[in-house]
Every structure is written in structure tokens, then in C-alpha cells.
Amino acid sequence: MFTFKKCYTGNNLQDMYNFFETQLNYAADKHIPYIKCCFKPTNNFKPKRYWNTELSRVVAQRRLALSKFRRNPTPENLSKLEEKTKESQKLINKAKSLDWQQFCDSIDQTVSAPEMWRRMKWIKGYRQTKSHPPPDKQKELLYSLTPDYVVNSVPPFVSSNEILECGFSIQELECCLKKKDSAPGEDAISHSMLFHLPDEAKLYLLTIFNNILNSGIVPHQWRNIQIIPIPKANNNSLEMKLRPISLISCVCKVFHLMLFKRLEWYTEKKGILSSHTVGFRKSHSCLDSITRLVSYVQIGFSHNIPTLACFLDIENAYNNVSVDYAINVLDQLKIGSKICNYLWSFLSERRLRIKINNNSDSILTRWTNRGLAQGDPLSPLIFNLITYRIGQLALNVVWSQYADDFVLYIRDKDMYKCERYMQSALDSIVVLLGELGLQLSPSKSQFCVFSRGCRRILPTLKINGCNLSFSECIKYLGMWLDRSLRWGKHINELVEKCCKLLNILKVLAGSSFGIHTIYMRRLYIALIRSRMDYGCFIYDSSAKSHTLKLNKVQNQALRIIGGFIKSSPIHVMESELHIIPLSLRRQYLAYKFSLKIMSWTDNETTINISDLSALCNRSYWENKRKPLLVKTYSD
């Protein structure tokens, strides 16, 4: 991009970073043109995509003929007006049809997935103008993210780790550079700019990173974080809830990604994290946590034993973490004093900024020393490390963690015993979270009793003296779990969402003007079948009346994609479009998931499925469909 031979090599780290930023932005200004964005589209006229000068000419002639007819309403002027009206309408319809054909032809195999989603949102009608939240709501959001605090002195760090604290290599830097851009920070440096750096600039940037690691000094550009408040979906006009989006420097993200790769390797090698922590770890996913819970409950069903499950919600988990306690935990895990010193320096002094109504002249700024940085690659791993002690405190109960979503469950014939053990675990977790600066939300936390029949006796669970609410159907990690695991609620919600997306296929389909069948098939797989694939091998044991609803959705989609008539056989449509039945699809995904979990030794998911497989010969499963994972595991 530019030559970086005469580099600034001063002793001041901030001056070195300023020089790097200046040179990079100078090269970007010279070779990358600016794109002017309109932040107030409602104040300017926005012509249609298909509009051209020819349409403007015929519309002007139609208006002129209308004006003449109003002044002199004669049969001759009326015929001229009708002629101009027909001519203008014909050209407008032709331009619309041509524009639609061009839009359909633009969707092919070269279109990326994000671009496909953007175009689908355009079709679905997500084109409303951007409305800025009220200033008082933006201020309230910023104050909730940055409570008042007193600057603490730097705590002493005594740990040492030569492997993690050694200098970074150029190979580590190149592995963390990304081609794909995301919103840059205050320094206006994007990921693509860093990816295309010449070798001299990469070595200079590597020198800056190593100096930061050794000294713990953080450039002031990394401390400035812009907050974009976005209204949440289904907001009321009286109580608008905002979601904060943080824009951190991309250079800072690259440095933190390099630290993340080292810390991830160290934690997995030392076995610091529990096997019950499945969030943001390699070869782990949401399905691991859901499968463990469902198989645990089904084992209880086999013995006719109820299962008590408590789903916990932490209030603003990432925003309220105590930085001092978090860094002390990392120091106790022997991460290294250099890394701890840098993390404390970065997290203890951050400046969050909000542009009121997107106005650069009206900026609200506050400093914070609490919480983990949103959008930071290190934040999920740090949160997992500081909550690893929950497994040591949650005695006599089984627990699972995915990020800040926790679930505790225990089964026993004596429900009072389950209540006593669960309440003891909840009290221990409340104390630990209090040390972290966190607290559970009693209003959002719920519990459910999974049982084969109706339970008249329900336990009483409390958090900080507040009773938890009981629910017969709870949504956990995107799946609805009812107390009998019949999956009726989940499948009905899934069918409703997929039927709405079928309307998109109906709009795009057409033998003469629609999108090609190949790309319609791709849209179906990306938009509709992907939703039905999530956790499909878990709810495969539901009643046939439920799974038939999903089959009807796929059959309807196949008729739309291929233009088949209603009497077309289903197996013919599946063969023509190369789409397998959903039952075979669920078996394929089940085998794939089974191979993944069996590749890890002492996997909790494999142990639960193995125990469930040994119980499938009991009377409970005589008239029921056995879990699909049990069949694939036995094979």
C-alpha cells in the first residue's frame, strides 16, 4: 500500500503508534476514495432504482397534457391525455420489469452470504428510516455502562509465565489479520488496511505490539470506544430499550486476538476450564449444552424420576464485572504479570462516547473501570476464566454454562431433596457472583420440573429472598423445552417462522421473470432449512404429527422453487432439486454430531448418551420413538 522504510523509532510508545496511524491514514486518503453517506435520507428525494431520463420525459408530457385538458376540456385534448397516460404507464411497467429481472439475475453463486442477507432484508421491507433514540435514553444507557467510580492503584501481580509473556512473532501477527472489514474505531483503521500492509509496516506494528506487552502502556486511541445505541426489537414507545454496540480500534482487536490465541492454548492445555463450560470453546457449541440437559432429563424419564432445572439470568453480566477481581483471578491462574498488567491498564481506564443524534458536535463522554469491553475477542474467554469456580461451588447438582447463560439441574424422587440441594447451590453462586460484582435477576430467572406426569408439589426457590417463577415451557439457547419434552411448542414456533420466509420464495419465483432454480434452492437452504436443522436430531423423538408439519413446509418450498404442480410426487421433487427428506437430513446431522462428540475423550455428552442408550429397553420407550442420538451412538 505504501513504503514504510523511514520508520519512527523513538522511545515513546504513544509517539510510535501516532506515527503508524498517521502514515496509514495518509496512504488510505491517497488511494482509497471516501464514500459520502447520507445520514438524513428523509430530507432528500430518493428516486426509484428503475427511474431514468426517458421516464421523466414521458411523465412531463403526461402532466402537460393534463394541464391542457384542464384548461380546455375538449375531446381532442382528452384523447391526447389518455394516449400520454397509456404511454407513460407502459414505459414505467417495462422499466419495473427490467429492473426486477436485473435484480434476479444479480443473485447467483458469486453473491456472498452477507450480501444475500442484505438483499433479502430489502425484499422483506426492512427499509425504514433510521430513528435516533431520545437523548435522555442515550444518556441513561451510557450511565448504566459507566457507573461512578474511584480510581484504584495498580494491584501487584506476582505470577510469571515465560511461554505466554515472550515476544510475538510475525507468524502470529499474520494469522490474526483479517480480510473482511468491520466497523473501525476512532483511528479509522480497518482490518483490510492492516491485511494489505507491506512487510516493513507489519514488522513495525509487531514492534509496537511487543512494546505494549512488555510495558503495559495502552495507546489512548484504544481507550476511546464509541457506543452506538440501537433500539431492541418489539420496543414500546414509552419504555425504549437500547442495545449498546461498541466500536473498538481494529488494531486493538488484532493485538487482543493474538493474546486470545495464547490464553486459549494455555487454558486448554492446563485444563483450567470445566467440561461443563461449552461457550466460546473449540469443538463446543450450544447443542452440547442442550443435548446434555435433554439426555439427563430423558434418563430420569426412563426411571420415572423428575428433574428440577433452574435457568439463571445474570444482569448485565459483561458490563458489571469487577476488573480488580477478574485480573486477580487471572494472576492466580499464573497467566503472567505482563499480561495481567496490560489487561488491568486497558480495562481500568476506558472512555465511552455516544454521539447524541449522530451529531459530532454533541458528544457525551464518560470514563469507566468496570466490566469487560464489548466486541473484544478477549472478553468471552476472560468471563469463562473468572467463573470457573462455579463448578466447585455447585455441589450435588449438574450445571452447564454457555457464556452468561447458566442452567442447574438435578433429579431425584424426593422433590424436597432436590429443592434443598438446588437452593444451596444457588446461595453459593450468589456469593461468588457478588465477589465478581454481578448479581442474578430473580425476575428473569426461572425453573421447571421435567416429569412424565403432572406434578402437584412444586419446590420453592429463592434468590436474595425473592421467589423464582415456575414455567412449564422455557426457551433455552434457541430451543423451547416443555416439561414433558414433547417439542410441540418449539416445532409450532419453528413452522410459523418458516412459513413467513416462504413468502420471500413466492415473490422471487417465476418461470419467466423469477430467480433461477439453482439460486432459489440456495435461498431455501440458507433461510429456511438452516432453521429446521438447528437441534433437529434432538426433537426427532417428538410425535409424527409434529414432524409432519416440518415436512409440509419443505414440500411447499419445493413446489415454489421448481414450479411443480400440486399433484407432483414428493420423491420426484426431491430428486429433481437434489434435496433429501428431512428425516434423512436429521439422521445425517445426528451422525455428524455423534462423530464430533466421540472424538473427545471423557466427553460429558457422550457419557450421557451412553447411559441413555442402556435404558432404552425399559417400558417407558416401548411405545415411543427412541432418541436419534441413541440410535447413531449404537451404530
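Our subject is the structure listed above.
None of the values given here were measured: they were computed from a predicted structure.

Asks: I would appreciate a short explanation of the overall build of the protein chain in the present structure.
Replies: Assigned secondary structure in the protein chain consists of 24 helices and 13 strands. The 635 residues of the protein chain split such that 47% are buried. Contacts in the protein chain between residues far apart in sequence, at least 24 positions, make up 73% of those at least 6 positions apart. Per element, the accessible surface of the protein chain, about 33300 Å² overall, is 52% carbon and sulfur.

Asks: Looking at this model, I keep getting lost on the side chain of Thr 605. Mind explaining?
Replies: Secondary-structure assignment places Thr 605 in helix 23 (residues 604-613). Not counting the four nearest positions on each side in its chain, Thr 605 is found in contact with Asp 288, Thr 291, Arg 292, Phe 593 and Ile 597.

Asks: Teacher, can you tell me more about the sheet that holds strand 2 (residues 242-247) here?
Replies: To summarise the sheet geometry, strands pair through backbone hydrogen bonds and adopt either a parallel or an antiparallel arrangement. With mixed pairing, the four strands of this open sheet are ordered in space as 2-1-4-5. Strand pairing shows two members of the sheet lacking a second neighbour, strand 2 and strand 5 (363-368), which therefore form its edges. Across the sheet, the mean angle from the axis of one strand to that of its neighbour is 30 degrees, orientation sign disregarded. Taken together, the six bridges between strand 1 (residues 224-231) and strand 2 define a ladder with antiparallel strand orientation. Each bridged residue has a counterpart across the sheet, and for Pro 231 the counterpart in strand 2 is Leu 242. Relative to strand 5, helix 5 (residues 135-145) is tilted by about 15 degrees, and along the sheet it contacts strand 1, strand 2, strand 4 (350-355) and strand 5.

Asks: How do you make sense of the side chain of Gln 221 when you look at a structure like this?
Replies: Turning to its location among the elements, Gln 221 is positioned in helix 10 (residues 220-223). In this structure the side chain of Gln 221 is engaged in a polar contact, spanning 3.0 Å, whose partner is the side chain of Gln 14. Apart from residues no more than four positions distant in its own chain, Gln 221 is found in contact with Gln 14, Tyr 17, Asn 18, Glu 21, Glu 186 and Ser 249.

Asks: Any chance you could explain the packing of helix 1 (residues 13-31) against helix 9 (residues 199-215) here in plain terms?
Replies: In a packed pair of helices, the relevant descriptors are the angle between the two axes and the axis-to-axis distance. In contact at an axis separation of 11 Å, helix 1 and helix 9 are set at 150 degrees when each is read in the N-to-C sense. As summarised for this structure, helix 1 and helix 9 are arranged roughly antiparallel, according to the angle between their axes. You can see that helix 1 and helix 9 cross each other, and the crossing is left-handed. Of the residues in helix 9, those touching helix 1 at Leu 13, Met 16, Tyr 17, Phe 19 and Phe 20 are Ala 201, Tyr 204, Leu 205, Thr 207, Ile 208, Asn 211, Ile 212 and Ser 215.

Asks: Hey, could you run me through the nonpolar core in this one?
Replies: Looking at soluble globular proteins, one finds that nonpolar side chains tend to be buried together. By size, the foremost hydrophobic cluster in this structure holds 177 residues, and its most contacted members are Leu 194, Trp 222, Tyr 342, Phe 383, Leu 505, Ile 528 and Phe 537. Looking at this core, the element that brings in the most residues is helix 11 (residues 250-270), giving 10 residues. Once residues within four sequence positions are removed from consideration, Leu 194 is found in contact with Phe 20, Leu 24, Leu 177, Ile 189, Lys 202, Leu 205, Cys 250, Val 251 and Val 254. In terms of nonpolar packing, the next biggest core, distinct from the first, is built from six residues, Tyr 50, Leu 55, Val 59 and Ile 92 among them.

Asks: I'm lost on unusual backbone geometry in this one. Help?
Replies: Across residues other than glycine, the phi torsion is negative in most instances, and most of the peptide bonds are trans. Phi is positive for Phe 280, which is not a glycine, with a value near 55 degrees. Of note, Phe 280 is situated in the loop between helix 11 and helix 12 (286-302). One non-glycine residue with positive phi stands out, namely Trp 487, at about 65 degrees. Assignment of secondary structure puts Trp 487 in the loop between strand 13 (479-482) and helix 18 (488-508).

Asks: How do you make sense of the environment of Ile 92 when you look at a structure like this?
Replies: Assignment of secondary structure puts Ile 92 in helix 3 (residues 75-106). Overall, Ile 92 belongs to the buried group, its relative accessible area being 10%. If near-sequence neighbours (up to four positions away) are discounted, Ile 92 is found in contact with Tyr 50, Trp 51, Leu 55 and Val 59.

Asks: Honestly, helix 3 in this entry has me stumped. Any pointers?
Replies: In an α-helix, one full turn covers 3.6 residues, which means residues spaced three or four apart are oriented alike. Its 32 residues place the ends of helix 3 47 Å apart at the C-alpha level, agreeing with the 46 Å of an ideal helix rising 1.5 Å per residue. Of the positions making up helix 3, those classed as buried are Asn 77, Leu 81, Ser 88, Ile 92, Ala 95, Asp 99, Trp 100, Phe 103 and Cys 104.

Asks: How do you make sense of the pattern of salt bridges when you look at a structure like this?
Replies: Once the charged atoms of two side chains with opposite charge are near each other, the side chains can pair. Applying the stated criterion to the full structure yields 14 salt bridges. Residues Asp 533 and Arg 529 are paired through a salt bridge, measuring 4.0 Å at the closest nitrogen-oxygen approach. You can see Asp 533 and its partner Arg 529 sitting in helix 19 (residues 517-533), four residues apart, about one turn around the helix. Both residues of the pair, Asp 533 and Arg 529, belong to the buried class. Through salt bridges with shared partners, a single network forms among Arg 529, Asp 533 and Arg 585.

Asks: Just to check I follow, could you spell out the packing of aromatic side chains for this structure?
Replies: Given two aromatic rings, their pairing is described by the distance between the two centres and the angle made by the two planes. Tallying each qualifying case throughout the model produces 18 aromatic pairs. Between Phe 168 and Phe 255, the ring centres sit 5.8 Å apart and the planes meet at 80 degrees, which makes this aromatic pair edge-to-face. One end of the pair, Phe 168, is in the loop between helix 6 (162-165) and helix 7 (170-176); the other, Phe 255, is in helix 11, with 87 residues separating them in the sequence. For the pair Tyr 620 and Trp 621, a centre-to-centre distance of 4.9 Å together with 85 degrees between the ring planes defines the contact as edge-to-face. Summarising the burial analysis for this pair, Tyr 620 and Trp 621 share the class buried. Taken together, the ring pairs connect Tyr 17, Phe 19, Phe 20, Phe 168, Tyr 204, Phe 209, Trp 222, Phe 255, Tyr 342 and Phe 346 into an aromatic cluster. Directly above the aromatic system of Tyr 421 lies the positively charged group of Arg 420, at a separation of 5.7 Å from the ring centroid.

Cut-offs used in this document
Along each chain, residue indices are assigned from 1 in the same order as the chain's sequence is written. Owing to the predicted nature of the model, reporting of local features is limited to residues with pLDDT of at least 70; listing and counting of side-chain atom pairs is limited to 80 or more, with chain, interface and lining totals taken over all residues. Water and hydrogen atoms were dropped before computing side-chain values, which therefore reflect all heavy atoms in the structure. For helices the rule is a DSSP run of H or I covering at least 4 residues; for strands it is a run of E covering at least 2, with both sets numbered from the N terminus onward. Relative accessibility decides the category of a residue: with a 1.4 Å probe and only protein chains considered, values under 20% of the type maximum give buried, values over 50% give exposed, and everything between is partly exposed. Any two residues having at least one pair of non-hydrogen atoms within 4.5 Å are treated as being in contact. All accessible-area figures derive from a Shrake-Rupley calculation using a 1.4 Å probe, and residue coverage is judged against the displayed protein chains alone. At least two bridges found by DSSP between two strands is the condition for calling them paired. Orientation is described by lines fitted to C-alpha atoms, with helices fitted over the stretch in contact, and by angles between N-to-C directions that extend from 0 to 180 degrees. Between N or O atoms, a polar contact is any pair within 3.5 Å; within protein, one atom must be a potential hydrogen donor and the other a potential acceptor, and residues adjacent in sequence are included only when both atoms are from side chains. An angle counts as roughly parallel when it lies under 35 degrees, as roughly antiparallel when it exceeds 145, as roughly perpendicular when it falls between 65 and 115, and as oblique in every other case. Crossings are classed by handedness, with left-handed meaning an anticlockwise turn of the near helix from the far one by less than a right angle and right-handed meaning a clockwise turn. Here, nonpolar core refers to any group of buried Ala, Val, Leu, Ile, Met, Phe, Trp, Tyr and Cys residues whose side-chain atoms link them within 4.5 Å. One less than the residue count of a helix, multiplied by 1.5 Å, gives the span that helix is expected to have. The term salt bridge refers to a side-chain nitrogen of Lys or Arg lying within 4 Å of a carboxyl oxygen of Asp or Glu. Side-chain rings of Phe, Tyr and Trp, where Trp is taken by its six-membered ring, are said to pair if the distance between their centres is within 6.5 Å; with planes under 30 degrees apart they count as stacked, over 60 as edge-to-face, and otherwise as tilted. A ring is considered to have a charge above it if a Lys NZ or an Arg CZ atom is located within 6 Å of its centre and within 35 degrees of its normal.

By themselves these figures say nothing about function.
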